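# Remarks on the overall topology
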Amino acid sequence: GLVAISLLAGSGPDARWAAALTTTAVAALLVGSGARRSRRVRRALRRVTVVGGAGVALATVVAGLAVLLARGDVDAGTDALRAARAATAEGDVDAAGEHFRAARDSLASGWRVLRYVGAPGRLVPVVSQQVATAERVTLASRGAARALADASAAVDLDRLAVRGGSVDLDEVVAVSGPLSDAAVAVSEATALIAGLDRQLVLAPLSDLLDEALDEARHADSTASRLAEALAVVPDLLGADQPRRYLVLFGSPVEARNRWGFPGSFAVLRFEDGTMTFEASGPLRELDPL
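Now for a quick tour of the structure. (Residues numbered from 1 in each chain as written. Predicted model: local features only at pLDDT ≥ 70, side-chain atom pairs only at ≥ 80, totals over all residues. Heavy atoms only, no water.)

## Section: the pattern of salt bridges
Note the cut-off: Only one rule defines a salt bridge in this text: a Lys or Arg side-chain nitrogen within 4 Å of an Asp or Glu carboxyl oxygen. In this text, helices come from DSSP runs of H or I with a minimum length of four residues, and strands from runs of E with a minimum of two, each type numbered from the N-terminal end. Exposure is judged per residue with a 1.4 Å probe applied to protein chains only, and the accessible area is read against the type maximum: over 50% gives exposed, under 20% gives buried, and values in between give partly exposed.
Under the definition given, this model contains 13 salt bridges. A salt bridge links Arg115 to Glu135, with the shortest nitrogen-to-oxygen separation between them at 3.1 Å. One end of the pair, Arg115, is in helix α4 (residues 93-117); the other, Glu135, is in helix α5 (residues 127-154), and 20 residues separate them in sequence. The exposure class of Arg115 is partly exposed, given its relative accessible area of 38%.

Structure below.
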């Protein structure tokens, strides 16, 4: 009866443990009652307690060892991701790619340790939540690092550079795919970390998750903006039809408030990535155009 009531009352997200706790309590009452009336039951309970306790202790130790073994690889992967972010900010794509690949390999190694060495810890309540959370975050981070490494390998700044007033739009389109995939992978990793259930996650791991979430959100913002920019660049540079832009040149001598006084202008035309000047001169000549 208690189990049935708990199943009905514990169906909500805030009472998800009600059924399990009530079932455990009822089972303990039944076993305790049987143990009082039978020596054979008491002997069996002692054996189960000893063997079960030893198994739980061993699984906990193995899980802790797995976390310690994986910690070095995870820290190395995290440091490599931070170094890649710094190299990206400086425009050093080659160095960023090396750091992304190092992060990918280190995180993959840490995930394998958590996945296989830490498997016994999944049988122990509370310990299983720590191992599973660390494994999921490491796996998501590895996927993001792999996508970013692939994107870095696809980017060649020399081929994307402006040469003779032209940008190779085919090259822009070629790199937009890998960068879009990387943005999706980073966004998925960020969403996974943000959506983790931390009810049974211990404070040290929860603090590390907070740091990881901050880093992931920063990377997600940068990757998303870059992917969105590359998606519109071909159209802005006249891939489908010519584009014309008016450029006004402000005179610092005539500055007012912030922008100053525009004294001259230029009209730029972009067609299929090639820029040409249509007109330029003093501002008084702009009206007839």
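## A look at the nonpolar core
One broad trend across soluble globular proteins is that nonpolar side chains are buried collectively. Test applied: By convention a nonpolar core is built from buried Ala, Val, Leu, Ile, Met, Phe, Trp, Tyr and Cys residues, the set being connected through side-chain atoms within 4.5 Å.
Membership of the largest hydrophobic core comes to 25 residues, with the highest contact counts inside it found for Phe100, Leu148, Val175, Leu179, Ala182, Leu230 and Leu237. Of all the secondary structure elements, the ones that give two or more residues to this core are α3 (39-89), α4, α5, α7 (169-194) and β2 (261-271). For this core, the element with the most residues is α7, which contributes eight residues. The next biggest cluster of nonpolar side chains, apart from the first, holds eight residues, and it includes Val137, Ile193, Val201 and Ala216.

## With respect to the sheet that holds strand β3 (residues 274-282)
Condition: Being paired, for any two strands, means DSSP has found at least two bridges between them. In this analysis an axis means a line fitted to C-alpha atoms, helices contributing only their contacting stretch, and an angle means the value between N-to-C directions, from 0 to 180 degrees.
Pairing is antiparallel across the open sheet formed by three strands, whose spatial order is β1-β2-β3. Edge strands, defined here as strands with exactly one partner in the open sheet, are β1 (243-251) and β3. Across this sheet, the average inter-strand angle for adjacent strands is 25°, counted without regard to direction. Here nine bridges tie β1 to β2, and the two strands are oriented antiparallel to one another. Paired with Phe249 across the bridge in β2 is Ser264.

## Some words on the packing of α4 against α5
The cut-off we apply is this: Between 65 and 115 degrees an angle is taken as roughly perpendicular, under 35 as roughly parallel, over 145 as roughly antiparallel, and anywhere else as oblique. Each crossing gets its handedness from the near helix: less than a right angle anticlockwise from the far helix is left-handed, clockwise is right-handed. Gly falls in the polar group here, along with every residue not listed as nonpolar (Ala, Val, Leu, Ile, Met, Phe, Trp, Tyr, Cys, Pro) or charged (Asp, Glu, Lys, Arg).
Axis separation between α4 and α5 bottoms out at 8 Å; the angle between their running directions is 155°. By the angle class used here, α4 and α5 are roughly antiparallel. Here α4 runs over α5; the crossing is left-handed. Of the residues that constitute the contact of α4 with α5, the class distribution is 14 nonpolar, five polar and six charged.

## Comments concerning a nonpolar patch on the surface
Test applied: Exposure above 30% relative accessible area and the lack of any salt bridge qualify a residue for a patch; like charges then connect within 9 Å, and the nonpolar side chains Val, Leu, Ile, Met, Phe, Trp and Tyr within 5 Å. All accessible areas in this document rest on Shrake-Rupley with a 1.4 Å probe, and a residue is counted as covered only by the protein chains that are shown.
The grouping of Leu65, Leu69, Tyr116 and Val117 at the surface amounts to a nonpolar patch, some 390 Å² of accessible area in total. Counting only elements with at least two residues in the nonpolar patch, the list comes to α3 and α4.

## With respect to α5
An α-helical segment advances 3.6 residues per turn. Residues three or four places apart therefore align on the same side. As a reminder, the rule being used: Helix span, expected: 1.5 Å multiplied by one less than the number of residues in the helix.
When the terminal C-alpha atoms of α5 are compared, their 41 Å separation across 28 residues agrees well with the 40 Å that a helix rising 1.5 Å per residue should span. For α5, the buried fraction is high: 21 of the 28 residues fall into the buried class.

## Re the packing of aromatic side chains
Defined as follows: Planes of paired rings set the category: under 30 degrees apart is stacked, over 60 is edge-to-face and the rest tilted, where pairs are Phe, Tyr or Trp rings (Trp by its six-membered ring) whose centres lie within 6.5 Å.
Under the definition given, this model contains two aromatic pairs. Judged by centre distance (6.3 Å) and plane angle (75°), the ring pair of Trp111 and Tyr116 falls under edge-to-face. A relative accessible area of 56% means that Tyr116 is categorised as exposed. Ring plane angle 75° and centroid distance 5.8 Å describe the contact between Tyr245 and Phe270, whose orientation is recorded as edge-to-face. Taken together, the residues Tyr245 in strand β1 and Phe270 in strand β2 connect sequence positions 25 residues apart. Since its relative accessible area comes to 14%, Phe270 is described here as buried.

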